[in-house]
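# Notes for the structure review
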Amino acid sequence: MLKHSFDKNFDSKVFLRSLTNKPGVYLMFDEVGKVIYVGKAKNLKKRVSSYFGSKSHHPKITALISKMRCIDVTITGNENEALLLEYNLIKQHQPYFNVLLRDDKSYPYIFISSQDKYPRLAFHRGARRSEGRFIGPFPNPSAVRQSLTEVQKLFRVRQCDDSFFTNRTRPCLQHQIKRCSAPCVGLINEVDYQEDVKNALFCLTGRSDAVLRNLSSRMDKASNAQKYELAARLRDQIGSLQNMQNSQNVTVGRYHNTDVLAAESIEGKWCVSLMMVRGGRVIGNRNYFPQVKGGGLADEIIESFLMQHYFESEAPKEIIVNEAPQSLALISQTLTTAKGVSPSIRSNVRGLRKGWLAMAATNAKEALQMRQKDQATFSRQYAELIKTLTLKDAPQRIECFDISHTSGEKAVASCVVFGPHGSIKSDYRRYNINDVAPGDDYAAIAQVINRRYTKALKNDSLVPDLIIIDGGKGQLNAAKTELECIQLTHPLLMSIAKGSNRKPGQETLYIGSIDNQIILPPDSIALHFLQQIRDEAHRFAIAGHRYQRGKVRKKSGLERIPGVGKKRRRYLLRHFGGLQGVQKAGVNDLIQVEGISENLAKLIYDQLQNP
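What counts, and where the lines are drawn
- Residues numbered from 1 in each chain as written.
- Predicted model: local features only at pLDDT ≥ 70, side-chain atom pairs only at ≥ 80, totals over all residues.
- Heavy atoms only, no water.
- Core = buried A, V, L, I, M, F, W, Y, C linked by side-chain atoms within 4.5 Å.
- Buried < 20%, exposed > 50% of the residue type's maximum accessible area, 1.4 Å probe, protein only.
- Salt bridge = Lys/Arg side-chain N within 4 Å of Asp/Glu carboxyl O.
- Helix = DSSP H or I, 4+ residues; strand = E, 2+ residues; numbered from the N terminus.
- Phe/Tyr/Trp six-rings, centres within 6.5 Å; stacked < 30°, edge-to-face > 60°.
- Disulfide = S-S within 2.5 Å.
- Axes fitted to C-alpha atoms, helices over the stretch in contact; angles between N-to-C directions.
- Parallel < 35°, antiparallel > 145°, perpendicular 65-115°, else oblique.
- Contact = heavy atoms within 4.5 Å.
- Nonpolar A, V, L, I, M, F, W, Y, C, P; charged D, E, K, R; others polar.
- Pairing = 2+ DSSP bridges.
- Expected span 1.5 Å × (residues − 1).
- Polar contact = N/O pair within 3.5 Å; in protein donor to acceptor, adjacent residues only side chain to side chain.

### Some remarks on the nonpolar core
Within soluble globular proteins, side chains that are nonpolar generally end up buried alongside one another. In terms of nonpolar packing, the biggest core is built from 68 residues, with Ile110, Phe155, Leu261, Leu274, Leu306 and Tyr310 touching the most fellow members. Tyr431, Ile433, Ala444 and Leu493 belong to the second largest nonpolar core, which has 25 residues in total.

### A look at the pattern of salt bridges
This structure, assessed with the given rule, holds 17 salt bridges. Put simply, Arg539 and Glu536 hold a salt bridge, and the shortest N to O gap is 3.0 Å. With a gap of three residues between them, Arg539 and Glu536 both fall in helix H16 (residues 525-553), about one helical turn apart. By relative accessible area, Arg539 is classed as partly exposed at 42%. Classification of Glu536 by relative accessible area gives buried; the value is 15%. Residues joined in a network through salt bridges with shared partners are Asp116, Arg120, Arg158 and Asp162.

### Details of the packing of aromatic side chains
A complete count under the given rule lists 16 aromatic pairs for this structure. On the numbers, 6.4 Å between centres and 80° between planes, the contact of Phe305 with Tyr310 is edge-to-face. Taken individually, Phe305 and Tyr310 each receive the classification buried, so the pair is uniform in this respect. Taking the centre distance of 5.1 Å and the plane angle of 70° together, the rings of Tyr428 and Phe540 count as edge-to-face. One end of the pair, Tyr428, is in the loop between strand S14 (422-423) and strand S15 (429-432); the other, Phe540, is in helix H16, and 112 residues separate them in sequence. Using a relative accessible area of 7% as the deciding quantity, one classes Tyr428 as buried. Here Phe540 falls in the buried class, since its relative accessible area comes to 12%.

### As for the state of the cysteines
Within this structure, the stated rule accounts for zero disulfides. The structure places no disulfide on Cys415, whose sulfur is separated from the nearest cysteine sulfur, that of Cys400, by 8.1 Å.

### Notes on the packing of helix H11 (residues 298-310) against helix H12 (residues 328-339)
Two numbers describe how H11 lies on H12: the axes approach to 11 Å, and their chain directions differ by 5°. For the element pair H11 / H12, the angle class is roughly parallel. Residue-level inspection shows Glu303, Leu306 and Tyr310 of H11 in contact with H12, the latter providing Leu328, Ile331, Leu335 and Lys339. Taken together, the residues of the contact of H11 with H12 sort by class into five nonpolar, no polar and two charged.

### Regarding the sheet that holds strand S4 (residues 108-112)
Spatial strand order, S5-S4-S6: three strands in an open sheet with antiparallel pairing. If you trace the sheet from one side to the other, it starts and ends with strand S5 (121-125) and strand S6 (133-135), each paired once. The sheet shows a mean angle of 35° between the axes of neighbouring strands, taken without regard to direction. The pairing of S4 with S5 spans five bridges and is antiparallel.

### Section: the environment of Gln92
When you line up the elements, Gln92 lands in helix H4 (residues 79-93). As a C-alpha pair, Gln92 and Tyr109 span 17 residues in sequence and 27 Å in three-dimensional space.

### So, helix H13 (residues 351-388)
Within an α-helix, residues lying three or four positions from one another point in the same direction, as the helix has 3.6 residues per turn. Here H13 contains 38 residues, and its C-alpha end-to-end distance of 56 Å stays within 8% of the 56 Å for a straight helix at 1.5 Å per residue. What H13 keeps buried is the set Trp356, Leu357, Ala360, Ala361, Ala364, Ala367, Leu368, Phe378, Gln381, Tyr382, Leu385 and Ile386. Positive phi shows up at Thr390, right after H13, with a value of about 50°.

### Overview of the side chain of Thr334
Positionally, Thr334 belongs in helix H12. The class for Thr334 is buried, based on a relative accessible area of 0%. Side chain to side chain, Thr334 and Asn80 meet in a polar contact 3.1 Å long. Those residues in contact with Thr334 that lie beyond four places of it in its chain are Asn80, Leu83, Leu84, Phe311 and Lys339.

### Side note on the sheet that holds strand S3 (residues 70-75)
An order of S2-S1-S3 is seen for the three strands of this open sheet, with the pairing classed as antiparallel. The strands lining the two open edges of the sheet, one partner per strand, are strand S2 (35-41) and S3. The average angle at which neighbouring strand axes cross in this sheet is 20°, direction not considered. In the sheet, strand S1 (residues 24-29) pairs with S2 via six bridges, with the strands oriented antiparallel. When the sheet's bridge partners are listed, Leu27 is paired in S2 with Val38.

### A look at helix H5 (residues 141-155)
With 15 residues, H5 should reach 21 Å at 1.5 Å per residue; the first-to-last C-alpha distance of 21 Å fits that figure. Within H5 the residues assigned to the buried category are Ala143, Val144, Ser147, Leu148, Glu150, Val151, Gln152, Leu154 and Phe155. Arg156 occupies a position one or two residues after H5 and carries a positive phi of about 55°.

### Quick notes on the side chain of Ser181
You can see Ser181 is positioned in the loop between helix H7 (173-176) and helix H8 (190-204). Ignoring any residue separated from it by four or fewer positions in sequence, one finds Ser181 in contact with Arg156, His175, Leu187, Ile188 and Tyr193.

### A few points about the pairing of S1
Counting buried positions along S1 gives six out of six residues, so the element sits mostly inside the fold. The alternating pattern of S1 places Gly24, Tyr26 and Met28 on one face and Val25, Leu27 and Phe29 on the opposite face, and all of these are buried. The turn linking S1 back onto S2 is made up of five residues, and Gly33 within it adopts a positive phi angle of 85°. Sheet analysis places S1 next to S3, joined by six bridges and oriented antiparallel.

### Digging into unusual backbone geometry
Positioned with a positive phi, Lys178 is a non-glycine residue whose angle comes to about 65°. Take Lys178: it is sitting in the loop between H7 and H8. In this model, Asp435 sits at a positive phi of 60°, which is unusual for a non-glycine residue. Within the secondary structure layout, Asp435 lies in the loop between S15 and helix H14 (441-458).

What follows is the structure, encoded as structure tokens:
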């Protein structure tokens, strides 16, 4: 790297004279030494010189040059390496003037446990480390669940987890409503079940025509063998699959996977709509709102999206864009080198693809309009809250806490964060409440306040201007006492107490202390804003509590007993017809089960009687 020391009196002429004509990456710094822009170039001298020419620049470039005080240059072997380095540096520094794609959610997949004797289909998000096959990605969870439901109706492949599957002694409700063929109790043989799994995979990967041919052949064979019930079921499957195809307008090749990108802007705000076409059908879209400072052009937005998105996610065979960036060939070549894929990136399309592009552009515009309306409403609510609470300055950070539990079981506290522009979901946190008496919400609030702000003060993290507690006088006092103990008294503290019948619009607000209370009218904009924040904290707390509670309840009492493994649990459940039968059994009854010694029987009995 050719590193040039920080200088407030940066002389561009001197710098340009020493610059090389080789490819590489350049970093621009502001007056405090922070990276504000990262760019790549095939010819560094020519590219960087363009910023300092006499011709007029885009307002974004003018603003960039006015803040720039220093440039560092890294020489690379070729333009492909420069593109990869630029991507990594943008990801590392998040420069102010670069187009930044902010989205921390991974794409969902469908997981098939293909290594199992009777494979299952399941929703999956996160690292793909499990043994099996993954189909996707899908644009959103609803697209995955819709596909799973369609496949379950057509082919009756199980979706239950393995512990549920191995411990069944009779068919579950899914079999009764004709959504599972009940392989757990042997109502279908392995060969026929694997055939259903194969058809489900063909259907999920867009090969429905192969499935139709397979089903038709099996129906004819069943009919000729006078297996009329089987033939009728296969006929119904064929009809259902044809209806599904008609409703989804499958009109392209069966192996055709395409991503359609459209970048649109309204009043300087940008949206990139990504529409996914898999197996000849549109499976959904996902909207991104990149951070763009100082304006921008559509081809620049598309270029940044291609670089940042597809270096992280899988690229399909074809990508259609509404504006082709100048470095299109370079991006495609670099993706081939870095990711092992060679997507065809096109902008000049006709026919059906042109229709997809128009659909994606419409989605982007509508998403921007909706986002603008939401932000306008939020700004009005924010201003009304400041007026209602008679605050001198607008709070830059609001944090709201709530506690969720079921009769004291697995209490979870949530902390949601809002700023002047809306929720800051990356700063949301959950806290598992420990060492507190079940149902003691006051102690739970005190614990989460202590944990949250002790850590914030220790790490010099951001501290809110307004702290909101979902609760009444007791919760407010508990939080106030804890804040005083850790000597954090400058944030305004308030609580929202529900009315006597807990209906929205009848809340009492305690501002600072229990002596300062106000009741806002039901149509108050400020009250609606506070309700929105409180409800978000409540939602986030409930989700965490249900997850913690579900982890415990998924485990039967047998799973917590040392020495009782998967095989012994299966013997016990089959012998007694279920967990209730095991719980009612005595020591002498337990000994009769294969693999259960007298000592182990006593241990099982004691654990189940005294959980």
